[in-house]
Amino acid sequence: MTFTDNVLNADGALIVGAGLAGLFCALKLAPRPVTVISPVPLGNGASSAWAQGGVAAAVGPGDTSHAHAVDTEIAGAGIVDEDEAESVTAEAAARIEDLARWGTPFDRDELGHYVLSKEAAHSRNRVVRVEGDRAGYAIMQAIIAEVRKTPSIRIVEGLTVVDLARADGRIIGVYARKLGDRYAEPVLIRARATVLAAGGLGGLYAVTTNPSGVRGHAMGMAARAGALIADPEFVQFHPTAIATGADPAPLATEALRGEGAILVNDLGERFMPAIHPDAELAPRDIVARANYRQIKAGRKVFLDTREAIGARILTAFPTVAKYCTDFGIDPVTQLIPVTPAAHYHMGGVKVEANGRSSLPGLWAAGECSSTGLHGANRLASNSLLEAVVYGARIAADISGLEPLRSPLAPFPGIGWDPVEGEAVEERLRNHISVKELRRTMTDLVGVERNATDLRTALRRIAEIEATAQGVTRSFLNMTTSATLVAAGALQREESRGGHFRTDFPEPRPEWEHHTEMTLEDALAIRAGA
Ligand SMILES: Cc1cc2nc3c(=O)[nH]c(=O)nc-3n(C[C@H](O)[C@H](O)[C@H](O)COP(=O)(O)OP(=O)(O)OC[C@H]3O[C@@H](n4cnc5c(N)ncnc54)[C@H](O)[C@@H]3O)c2cc1C
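Residues numbered from 1 in each chain as written. Predicted model: local features only at pLDDT ≥ 70, side-chain atom pairs only at ≥ 80, totals over all residues. Heavy atoms only, no water.

## Description of the nonpolar core
Okay, so step 1: Formed by 125 residues in total, the largest nonpolar core has its most connected members in I143, I189, L196 and Y205.
Okay, so step 2: For this core, the element with the highest residue contribution is helix 10 (residues 382–401), accounting for ten residues.
Okay, so step 3: Other than its neighbours up to four places away in sequence, Y205 contacts V235, F237, A342, R438, M441, T442, V445, G446, R449 and V485.
Okay, so step 4: Membership of the second largest hydrophobic core comes to 23 residues, among which are L303, I313, C324 and I336. (Core = buried A, V, L, I, M, F, W, Y, C linked by side-chain atoms within 4.5 Å. Buried < 20%, exposed > 50% of the residue type's maximum accessible area, 1.4 Å probe, protein only. Helix = DSSP H or I, 4+ residues; strand = E, 2+ residues; numbered from the N terminus. Contact = heavy atoms within 4.5 Å.)

The following block contains the structure:
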């Protein structure tokens, strides 16, 4: 058997994506056989490994999961599903224990209690962390080590999934191609259960904190297969990506503001206290818009950590400190230039409480899904939590459907060259059409939106899709996701959470609900733009 055979069998479950959602689900499925597809070597290419803050969980003294749920609902601006918020926050402590048992070295005090950070819109310190700002990296290292010692998990590196495979009204697996081999006919990999865990869509924007492979492929391929999509318009922009011109833009975690860092402009003015009583710790969308407006008015924005954190930044926030020094900024003595950047997608493939999508045979977990937990705006550090809670729920659901089967049958070697493959993908990622698409999203579907811009964006996306040369299914997945975001944003004539319309600047009661949309609906809106 070779990878060029037309049909391969995954046996058991197939997980698309090797971030925290995918790998956690794989571990929870053990000893049931599962194949996990990762385009790049494990640990690379996933937002999960870049998370700085940590995981939100009510594990501190005096805290309750209900208080966590209430904060989640307030941040979500009226459209968080209450049951979801209560149940996810109630499962948080058990999932943190799983992560700790699998080796995550969470920061603890001398009595062994978790050291908890405070992030925006949390009513108390509630974020478990590792070495200050290294949570994502440390969690992924621990999980990957556990995955590697679990015989029921087969990791296949070097494949990119381009389509879901559908037959008789069910998802029966995926079509995948070798990384860097865009002209090869994708191979069908059959599976009894397919779990989409291929991340969000920040990279659809020209300014983003997401890894360069995370560009809306997951939601795009699910929508093209007919899945129902929820809340596509709700994109969270992080207020403080470090503005060095690097793509992606490195993040300066919110925990810095939690420790007292302030925002100032190039005139030395601190502008947040006049905008919100919580100043720099106001909800993310408010801080992002304040920074955006400063920049639009010709100012530059900086994060000033000098007084509040000083030299401690080097040890308490080593990741941020390294990003700064890599770009010639001394964070102990200098201001850190920052900009809003596309960071997190609240919307995605609509799933039920057990992670099932609207398509039989397809589950979705992590950032590519929309569970109803985040509403219009994600509460900080609730996304890693959602990834592990849903990873576990999906594993339980799939396990309940299938009897335990024999070990995995052999799977062919992919025969790929990571360096060459990545170089080809990098060229594709910088293709002129991709650049145009990303620029369109940042300029016209960004922090502030209006009907004229959104209509222009939809027409432009259609044009880019129609005229791009050598359009691949991967690119179609991107334009599909872009269409869904812009169509949802045009349709929602109000402002709520991460979605701000300058022509409808207030929330409207008739819009206090989720958006549900198929690709067909979005294309109809695009055709009328
Ligand atoms: C810089 C940064 C900091 C963050 N900090 C925090 C934080 O402190 N706390 C928090 O809760 N959240 C944080 N987030 C958000 C959080 O990291 C993500 O929402 C979460 O990690 C998503 O996990 P995931 O498993 O769904 O996706 P990811 O971790 O992004 O993994 C996606 C996987 O899918 C793979 N993939 C992509 N496309 C394909 C394809 N076509 N075929 C096959 N595989 C594919 C990728 O290679 C990757 O393996 C942060 C995000 C960023 C970018």
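After presenting the structure, the write-up continues.
## Things to note about the site of the ligand
Okay, so step 1: The ligand sits among 35 residues. The nearest are S48, G53, G54, E367 and S383.
Okay, so step 2: Within the backbone of Q52, a nitrogen or oxygen atom sits 3.5 Å from a nitrogen atom of the ligand.
Okay, so step 3: The fraction of the free accessible surface of the ligand (1,000 Å²) that becomes covered by protein chains is 97%.
Okay, so step 4: Counting only elements with at least two residues in the shell around the ligand, the list comes to helix 1 (20–29), strand 8 (159–167), strand 16 (336–345) and helix 10.
Okay, so step 5: Tallied by class, the residues present in the shell around the ligand amount to 16 nonpolar, 17 polar and two charged. (Near = heavy atom within 4 Å. Polar contact = N/O pair within 3.5 Å; in protein donor to acceptor, adjacent residues only side chain to side chain. Areas by Shrake-Rupley, 256 points an atom, 1.4 Å probe, with all protein chains shown as cover. Nonpolar A, V, L, I, M, F, W, Y, C, P; charged D, E, K, R; others polar.)

## Here we look at the sheet that holds strand 18 (residues 362–364)
Okay, so step 1: Pairing is parallel across the open sheet formed by five strands, whose spatial order is 7-3-2-11-18. A single partner strand is all that each edge strand has here, and the edge strands are strand 7 (153–157) and strand 18. On average, each strand axis in the sheet is inclined to that of its neighbour by 20°, with strand direction left out of account.
Okay, so step 2: Relative to strand 11 (residues 193–196), strand 2 (residues 13–16) is paired through four bridges, and the arrangement is parallel. The partner of I15 across the bridge, within strand 11, is V195. (Pairing = 2+ DSSP bridges. Axes fitted to C-alpha atoms, helices over the stretch in contact; angles between N-to-C directions.)

## What about the pattern of salt bridges?
One side chain can pair with another of opposite charge once the charged atoms of both are near each other.
Okay, so step 1: Tallied over the entire structure, the rule returns 37 salt bridges.
Okay, so step 2: Where R126 meets D63, a salt bridge forms, and the shortest distance between an N and an O atom there is 2.8 Å. In this pair, R126 is assigned in the loop between strand 5 (116–117) and strand 6 (127–128) and D63 in the loop between strand 4 (55–56) and helix 2 (65–75), connecting sequence segments 63 residues apart. The exposure classification of R126 matches that of D63, with both residues buried.
Okay, so step 3: We note a salt bridge from E494 to R492, for which the minimum N-O separation is 2.6 Å. Accessibility assignment for this pair places E494 and R492 in one class, buried.
Okay, so step 4: Several salt bridges converge on common partners, so that one network encompasses K28, R95, D98 and R101. (Salt bridge = Lys/Arg side-chain N within 4 Å of Asp/Glu carboxyl O.)

## Concerning the side chain of Q236
Okay, so step 1: One can find Q236 in strand 13 (residues 235–242).
Okay, so step 2: At 2.9 Å, the side chain of Q236 and the side chain of N377 are in polar contact.
Okay, so step 3: Setting aside chain neighbours within four positions, we find Q236 in contact with R284, A341, A342, H343, Y344, M346, N377 and R378.

## Digging into the sheet that holds strand 8
Okay, so step 1: On the basis of which strands lie adjacent, the open sheet formed by four strands has the order 1-10-9-8 and mixed pairing. With partners counted over all chains shown, the strands left at the sheet margins are strand 1 (7–9) and strand 8, one partner each. Adjacent strand axes in the sheet meet at a mean angle of 30° when their direction is disregarded.
Okay, so step 2: In this structure, strand 8 lies alongside strand 9 (residues 170–178), joined through eight bridges in antiparallel fashion. Across the sheet, A165 pairs through a bridge with G173, a residue of strand 9.
Okay, so step 3: Here helix 14 (residues 473–491) sits on the sheet and contacts strand 8 and strand 9; the angle it forms with strand 8, its principal contact strand, is near 75°.

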